[in-house]
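Each chain, letter by letter, is given below.
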Amino acid sequence: MGLSASSLIVPLIVILMVVFTKRVALSLFTGILASAVLTHSLRLSQLVEYIYHKITSVFYTYEPEKGLIFNLSNLYVFGFLIFLGVLSQVILKSGSVQNFVKKAKKYSKNAKTPEFIAFFSGIIIFVDDYFNALTVGQISKSLNDAHNSTRERLAYIIDSTSAPVCLLVPISSWGAYIMGIMNNDNSPLLKDSFSVLVQSLSSNYYAIFALIAVFLTILWQINLPSMRKYQNIGVKDFYSEQEEDSSKLAPLSLLPLSILLLIVSISSLIFYTGVILKNTDASFSLFYGGLFSLIVTYLLAYPFLEKGSFLKLMFEGFKSVGPAILVLTLAWAIGPVIRDDAQTGLYLAQVSKGFLNSGGGVYMPLIFFLISGFIAFS
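Rules and cut-offs
Residues numbered from 1 in each chain as written. Predicted model: local features only at pLDDT ≥ 70, side-chain atom pairs only at ≥ 80, totals over all residues. Heavy atoms only, no water. UniProt positions renumbered as here; feature names shortened; annotations may be inferred. Salt bridge = Lys/Arg side-chain N within 4 Å of Asp/Glu carboxyl O. Helix = DSSP H or I, 4+ residues; strand = E, 2+ residues; numbered from the N terminus. Buried < 20%, exposed > 50% of the residue type's maximum accessible area, 1.4 Å probe, protein only. Pairing = 2+ DSSP bridges. Contact = heavy atoms within 4.5 Å. Axes fitted to C-alpha atoms, helices over the stretch in contact; angles between N-to-C directions. Parallel < 35°, antiparallel > 145°, perpendicular 65-115°, else oblique. Left-handed = near helix turned anticlockwise from the far one by under 90°. Nonpolar A, V, L, I, M, F, W, Y, C, P; charged D, E, K, R; others polar.

- In the annotation of an unreviewed UniProt entry, the entry for the protein reads Sodium:proton antiporter, and the organism field reads Helicobacter pylori PZ5024.
- Quoted straight from UniProt, the Subcellular location (unreviewed entry) entry for the protein says "Cell membrane".

## Digging into the pattern of salt bridges
Working step 1: Counting across every chain of the model gives four salt bridges.
Working step 2: Lys54 serves as the salt-bridge partner of Asp341, at 3.0 Å between the closest nitrogen and oxygen. Of this pair, Asp341 sits in helix α15 (residues 310–341) while Lys54 is found in helix α3 (residues 44–56), placing the two residues 287 residues apart along the sequence.
Working step 3: Between Asp340 and Arg339 there is a salt bridge, and its shortest N-O distance comes to 3.4 Å.
Working step 4: Judged by relative accessible area, Arg339 falls into the partly exposed class, the value being 36%.

## Topic: unusual backbone geometry
Working step 1: In the Ramachandran plot, Lys22 falls in the positive-phi region, its phi being about 60° despite a non-glycine side chain.
Working step 2: Note on placement: Lys22 falls in the loop between α1 (9–21) and α2 (24–40).
Working step 3: Backbone geometry places Gln221, a non-glycine residue, at a positive phi of 50°.
Working step 4: Mapped onto the elements of the fold, Gln221 is located in the loop between α11 (205–219) and α12 (225–229).
Working step 5: Gln221 gets classed as partly exposed once you look at its relative accessible area, which sits at 28%.

## Re the pairing of strand β2 (residues 67–70)
Working step 1: In this sheet, β2 lies alongside strand β1 (residues 60–63) in antiparallel orientation, the contact comprising four bridges. Within β2, the position partnered with Glu63 by the bridge is Gly67.
Working step 2: Where β1 hands over to β2, the hairpin turn is made up of three residues, counted between the paired strands.

## Structural notes on the environment of Phe126
Working step 1: Secondary-structure assignment places Phe126 in the loop between α6 (112–124) and α7 (129–146).
Working step 2: On a C-alpha basis, the gap between Phe126 and Cys166 in space is 5.2 Å, while along the polypeptide they are 40 residues apart.
Working step 3: When near neighbours in sequence (up to four residues on either side) are disregarded, Phe126 contacts Val165, Cys166, Val169, Ile171, Ser172 and Ile263.

## Focus: the packing of α6 against α11
Working step 1: As a packed pair, α6 and α11 sit with axes 9 Å apart at the nearest point and diverge in direction by 165°. In terms of orientation, α6 lies roughly antiparallel with respect to α11. α11 is crossed by α6, and the crossing has left-handed handedness. Mapping the contact onto sequence places Lys112, Glu115, Phe116, Phe119 and Phe120 in α6 and Leu211, Val214, Phe215, Ile218 and Leu219 in α11.
Working step 2: Looking at the contact of α6 with α11 residue by residue, the class counts come to eight nonpolar, no polar and two charged.

## Things to note about the packing of helix α4 (residues 72–94) against helix α14 (residues 282–301)
Working step 1: Packing of α4 against α14 leaves a shortest axis separation of 8 Å and a crossing angle of 20°. With respect to α14, the axis of α4 lies roughly parallel. The two elements α4 and α14 cross, and the hand of that crossing is left-handed. Residue-level contacts link Ser73, Tyr76, Val77, Gly79, Phe80, Phe83, Val86, Leu87, Val90, Ile91 and Ser94 of α4 to Ser283, Phe284, Leu286, Phe287, Tyr288, Gly290, Leu291, Ser293, Leu294, Thr297, Tyr298 and Ala301 of α14.
Working step 2: Partitioning the contact of α4 with α14 into residue classes produces 16 nonpolar, seven polar and no charged.

Below is the structure:
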């Protein structure tokens, strides 16, 4: 496309589609398709080849001399997400969540209590935003309904806690994703992406202020219009309708134990790869830490699970994280499209350089903020 205003077409298409359709996967795919059209016009075979190459490059690349080279870092993250999906199903189907809800109801006196439970649980379960939302949602839904709160309010609390927390903790799937982007950069300044990420956390103001906003929303019981409008409409106390014998439910301790296993195993592997091997590998640590936690949790929960339900748990777990894997695949695929093919970053750097050279240096922080926000998709 060259360094011209046409470099902005692909990211603009993606941004506008996300805003108006609210469908991230479709928007990202459309961006890749738009780049293919701009590069190869409407020649169908070349369009298909371009899209196929960009998406498959997330998983592997092919070199005539070396053959297939699998992108283990990305594959590890995908595997980790699948393990988390299955793990969440194991915890849920074992009855440990129901046990937690029954115990928590005894101490839940008003709407603030279940909301704070959702908030602090979201902070503790920082390894992945999808796993966070799945687990905290199951924990909080019944408690939330019991106090005539709204699902809209609970959705805000969970969503605005899960993603920011994952952004602020480097040993998470988001941390692995960000380090994966940095590892694709040939800059000598990014040799240790883990250290760079850790040093940048204090400047992640969006995530920090998002968490503060959630805390204050709960503390002061701030309600947006939709939260007030749908209060106590169509909600059911799910677990109160379940007349299960408590002896058939997994003990309450299984829930925190599985999360603790996940955190400790991942942290230990990151320490091992970073300190002992001198090469921090977050995706490797997430994969094997997640696998270890899943195996141990499944063995502990096995007596409380329906016999022969393993394949069903696998399917339900994969289905629960399928959308996340799809979005992550397309996000990784469109990165090189915007960075290398459209050269959006280079074009914006060129434009900003000309502006700064003409005496606009005082606006440098604002310019950098606007540019970084615009090219965040890459």
